[in-house]
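# Residue-level structural notes
So the chains spell out like this:
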Amino acid sequence: MSGPHITKDDILKASAGMLQKQLFVVFTSPTNGMGPVMDNIEEHLKFQVELEQRGIMLGAGPFWADDEHTWNGEGMVIIRADSLAHAREIAETDPMHSSGARSFTIRPWLLNEGRITVEVNFSTGRHAVA
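Structural notes, computed from the coordinates.

How each quantity is defined
- Residues numbered from 1 in each chain as written.
- Predicted model: local features only at pLDDT ≥ 70, side-chain atom pairs only at ≥ 80, totals over all residues.
- Heavy atoms only, no water.
- Pairing = 2+ DSSP bridges.
- Helix = DSSP H or I, 4+ residues; strand = E, 2+ residues; numbered from the N terminus.
- Axes fitted to C-alpha atoms, helices over the stretch in contact; angles between N-to-C directions.
- Core = buried A, V, L, I, M, F, W, Y, C linked by side-chain atoms within 4.5 Å.
- Buried < 20%, exposed > 50% of the residue type's maximum accessible area, 1.4 Å probe, protein only.
- Contact = heavy atoms within 4.5 Å.

On to the pairing of strand E1 (residues 21-30), then. With 10 bridges joining them, E1 and strand E4 (residues 102-111) adopt antiparallel strand pairing. Considered in E4, the bridge of Ser-29 is made with Ser-103. In this sheet, strand E3 (residues 71-79) lies alongside E1 in antiparallel orientation, the contact comprising five bridges. Bridge assignment links Phe-27 to a residue of E3, and that residue is Met-76.

Now the structure itself:
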């Protein structure tokens, strides 16, 4: 790829006034088939809920295959961390990774744009997130 060398500072300047929330995306994939993944799924999900409750996780979930039905064990977790090294420490403690059932890569990600809508109806107790 040719062209100018673009830095983080260039992007921060270009997106001034936007959210500019630094997050980290953990991409996770099976290392030895689905057996080890399913052997660790319960502990993994407990770990994910703990991250959520501690305010570390923004979101997580599986990637479906292109048929939109099959799961091949891949997933993604978006976490809040102080640095890439800190994000790696968090990911390494996931039972899927510490057991060797999955490997992971992490990418720093700057969240700038998006929208979330939360609706709460007090009279009916109904709620929705969109």
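Bringing the sheet that holds strand E2 (residues 57-64) into the picture now. Ordered in space as E2-E3-E1-E4, the four strands form an open sheet in which the pairing is antiparallel. The open sheet has two free edges, formed respectively by E2 and E4, since each of these has just one partner strand. Each strand axis lies, on average, 20 degrees off the axis of its neighbour in the sheet, ignoring direction. Across six bridges, E2 lies against E3 in antiparallel orientation. Note on E3: the bridge partner recorded for Met-57 is Ile-79.

Here we come to the nonpolar core. Formed by 13 residues in total, the largest nonpolar core has its most connected members in Phe-24, Val-26, Leu-51, Ile-79, Ala-87, Ile-90 and Ile-106. In contact with Ala-87, not counting residues within four places along its chain, are Phe-24, Ile-79, Ala-81 and Ile-106.

Next up on the list: the side chain of Gln-48. Take Gln-48: it is sitting in helix H2 (residues 34-53). The class of Gln-48 is buried, set by a relative accessible area of 9%. With residues near it in sequence (within four places) discarded, Gln-48 still touches Met-57, Ala-60, Val-77 and Asp-94.

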